[in-house]
Amino acid sequence: MRYLARRLAHAALLLIGVSIFSFALLQLAPGDYFSQLALNPQISAHTVAGLRAEYGLDQPLVVRYAAWLRAILEGDFGVSLAYNSAVGPLLALRARNTILLTGTAMLLSWLLALPLGIWSAARRGTWGDRLGGFFISTLLTIPDLVLFLLLLLLAVRSGWFPTGSMVSGNFDELTTWNKVRDVLAHLILPAFGLALAALPPLVRHVRSAMMEALDAPFIRAARAHGIRERRVLLRYALPVAANPLISLFGFSIAGMLSASLLVEVILSWPGIGPLLVESILAKDVYVVIGTVMLSAVFLITGNLIADLMLFASDPRVRIE
Amino acid sequence: MLSHRRKLECAACLLAAVYVVVLTAGFFAPYSFATQNREAAFEPPTAIHFRDAQGNLYAHPFVYAADGRSEANARYPIHFFVRGAEYRLAGFRSQLHLFGVEAPGEVHLMGTDGYGRDQFSRFLYGGQISLLAGLLATLLSLSIAVVLGGFAGFYGGGIDELLMRGGELFLALPWLYLLFAVRAALPLHISQAQVFLLLVSVMGLIGWARPARLIRGVVLSAKQRNFVIAARGFGASDFYLLRRHVLPQAYGVILTQMTLLIPQYVLAEVTLSFLGLGVGEPMASWGTLLASLQQYYVLSSYWWMFLPALLLIPLFLVFYAAADALQEIQKSVPL
Amino acid sequence: MLPVEALLRARGLSKQYVQRRAFSRTKYTVTAFEGVNLDLFRGETLALVGESGAGKSSLARCLALLDPPTGGNIELHGQELRRFDSSTLKPFRQNIQLIFQDPASALNPRLTACEIIAEPLVVQRIGSKIEQRERALHLMQQVGLDSSQAQKRPFEFSGGQRQRIAVARALAPNPSILVLDEALSNLDARNQDLLLRLLGDLQGAHALAYVFVAHDLSLVSRFADRIAVMYQGKIVELSETRELFSAPAHAYTQELLSGGQSVEKILLARSA
């Protein structure tokens, strides 16, 4: 249990660090939402100063950070100046959408990567393996941005996939079943794109982890005992290869989140990515901090989950 | 191993060639990046002919003028080393272009955009911003990484702990979010040169953590080696040890990181400019070239607007091939 | 043979390492050696013999000023070393040089033989570039290497040749003392003989003093003037070679001598 406690403490420390970092960063910004208001001749300087005071922007840095941190712990993420609403609910809604998208994509990419990697490791050196390797290398060299633009092109030209937003205009009138189908229809393209973007490193690592496991002496022994190849692969080699793959799962979350920002913006999925871009352009301080913090929370949580899985799967970690 | 070296050499030559062409864009581009021709908006790539409608063959390639702006079927041969729009190259003014056609004929290898600007020229000029930003940001990141990673690994103790924990902070955020967060802290409306410098420093400053960790690892093992201890034994200073014995061990890692970071930073610049957070119009960057694709009608109607995006793929292929070859070479050479 | 002043004098020298168990506050100390008194005189060979883990290598590194001791003091050429920071030590460093067991790891694989040998001169800023190079070439000849090989890199030399390069480098700053930490252990019998002969010649020519660390008593008995026997971090016996062999005082020394004279054999016999 010491292992878990240590990982938790580490995650908490990281979060505090990230919060100080992102808060400090935004205080460096020259001009805030109100400095643009101040340029508006119809609004008096007095009004702007009053608004600043109301939102606490005239307080010293440390005070603002402390107040902000206390508020966050109470679930209050501040106020969006552009949306004129509380940041918390806004973030919650967007976060749900991002989790839906990245979760689906994560699942999809592993469902593709595992069989592909295992298959090519089992058939290493064959034409199938080489073809797969070529496909994966090609995919790797396509920048995420270009890949997502190509998917958008596909959607626009073919008309097979609904584009823009995550639901159709008449969403509210649909039955529950049709609502689910509607969301799924909108989800499929961005999730598939994200999964494709994440695929190359996953397949490569699955393949090399499996090859390493298959080279182990006990696998040769198992084969010599006449155990069927399928069983050797899935029951003997895969559990050995699982450890590095679980670590990889933790690492892959960061890349997934970055790619998700892009796919959300390009394919108009209302997640935290577009929110971040909008709020930067609008100098909407609390939304920017909230979004950045949220991405850190996702990443750190994901890594914690990976740690937990490692804890569950590897007896060596438990003993320590 | 020889073949990896050969692969690396080829990739390095190609990349050098790309950088040279892009940095001397004024010469290779037939037009300026800003010259507009509203009448020629969204023209597809100009067809280059060797044979006219009557079936006559010509030794010199030529283009036909676009309909309606001159007599139909007038041929305009493509000339090499022609005088054209003036540009500046390393402070010198010049009018010499690699190729061009006489007005009113026009040659657009990659078509024109919504303002009738030559996409090919804009792609070359855009490369100046994107590729240079990638290179400079990489150099910045690696300099920081060498200094911090070198110090942390060499001295260990409190400095090491502090730097590595600080580095974890940078790794705790998805890098695109981190990049955006830092960008958010900076002013939106500033001059193009300032934007460029800001982009370079922002990208360079946030990317130091991963290479710094790798360099720290190399330094950590290198400083235990006997030849380092021996050099200390005849009175070498820490600076000498780092410069002469320890950091050279990290050359391989630094080079590999360079080939991985440059494309990443080029992409970062492209992404920021694509989203309107980088350099803006009328300057060309690969990001601003792609930005017009966010409009559905451009995406669906004008396929050549996609060419800049597609051209990025072979470029990245070369970068990754170089990184791959470097990694293989390092694996085969025991330190 | 009664020299007046010791080149190197150690009094009550000890070294303890403080270690912390991973993820735990509890510290514990490991004693490498303690209470070591040694005198080394010009032109003599002092052998330091003991089994693995007896603390000989730690002592050798400490004497070569590579690791600061945690207690006691060292005098070099009659001057006491008060502090062990790099600026205090720098003027003393050229007097005492260490030769490592494994020559492969002691030479930077990226440098040429000439660069490696000239390095102490470069670091200590002795002579011009040309003089440094000439001295390096001269040293190569002295240790029996052809100066035409000056531009080769370590991996192009054999193990014996590498150890010669290491010796040449150690000689470059004109030291009065060489500490050889198992310097022969990685070599085959023929190369051991060649290197021993070379070391003997050099000792004659430059009046060098050697501290010769070894685990093999029979090997050092061939050339050592005096032998110090180390056991569990302490010097349990220090006497002239002949005396040690004829009248071993300490029980452990007796054991060493009786057990076929090789520590390894004794260890084997013990564990059996």
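What counts and how
- Residues numbered from 1 in each chain as written.
- Chains lettered and ligands numbered in written order.
- Predicted model: local features only at pLDDT ≥ 70, side-chain atom pairs only at ≥ 80, totals over all residues.
- Helix = DSSP H or I, 4+ residues; strand = E, 2+ residues; numbered from the N terminus.
- Buried ≥ 20, exposed ≤ 12 C-beta atoms within 10 Å, placed from the backbone.
- Contact = placed C-beta atoms within 7 Å.
- Pairing = 2+ DSSP bridges.
- Axes fitted to C-alpha atoms, helices over the stretch in contact; angles between N-to-C directions.
- Core = buried A, V, L, I, M, F, W, Y, C linked by C-beta atoms within 7 Å.
- pLDDT = per-residue confidence, 0-100.

A. Representation of the overall build of chain A within the structure. Secondary structure summary: chain A contains 13 helices and two strands in total. The proportion of buried residues among the 320 residues of chain A is 34%. Sequence separation of at least 24 residues holds for 72% of the intrachain contacts in chain A that already meet a minimum separation of 6.

B. Structural context of the sheet that holds strand S2 (residues 57-64) of chain B. Residue and element names in this part refer to chain B. Read from one edge to the other, the open sheet built from three strands follows the order S1-S2-S3, with strand pairing classed as antiparallel. Edge positions in the open sheet fall to strand S1 (49-51) and strand S3 (75-77), since each of these has one partner strand only. If you compare each strand with its neighbour and ignore which way they point, the axes differ by 55° on average.

C. Layout of the nonpolar core. In this structure, Phe148(A), Leu194(A) and Tyr177(B) are the most contacted members of the largest nonpolar core, which totals 140 residues. Those residues in contact with Phe148(A) that sit more than four places away from it in its chain are Gly193(A), Leu262(A), Val263(A), Ile266(A) and Leu267(A). Of all hydrophobic cores here, the second largest spans 101 residues; its members include Ala10(C), Ile117(C), Val229(C) and Leu256(C).

D. Representation of the interface of chain B and chain A in the model. With 36 residues of chain B in contact, the opposing surface of chain A contributes 38 residues. The set of elements that each furnish at least two residues to the side of chain B that touches chain A consists of helix H4 (157-171), helix H5 (175-184), helix H10 (251-274), helix H12 (296-301) and helix H13 (307-332) of chain B. Looking at the side of chain B that touches chain A element by element, the count peaks at eight residues for H5(B).

E. Structural context of the pairing of strand S3 (residues 45-49) of chain C. Residues and elements named next belong to chain C. Extensive coverage of S3 is indicated by the burial of five of its five residues. Side-chain alternation along S3 places Thr45, Ala47 and Val49 on one buried face and Leu46 and Leu48 on a second face that is also buried. As judged from the five bridges shared by S3 and strand S8 (residues 209-214), these two strands associate in the parallel manner. Along S8, the bridge assignment pairs Thr45 with Tyr210. With four bridges connecting them, S3 and strand S9 (residues 226-231) associate as parallel partners. Bridged to Ala47 within S9 is Ile227.

F. Summary view of the confidence of the model for chain A. Mean pLDDT over chain A: 81, with 89% of residues reaching 70 or higher. When pLDDT is averaged over each element of chain A, helix H5 (residues 87-122) of chain A comes out on top at 90 and helix H2 (residues 33-38) of chain A at the bottom at 60.

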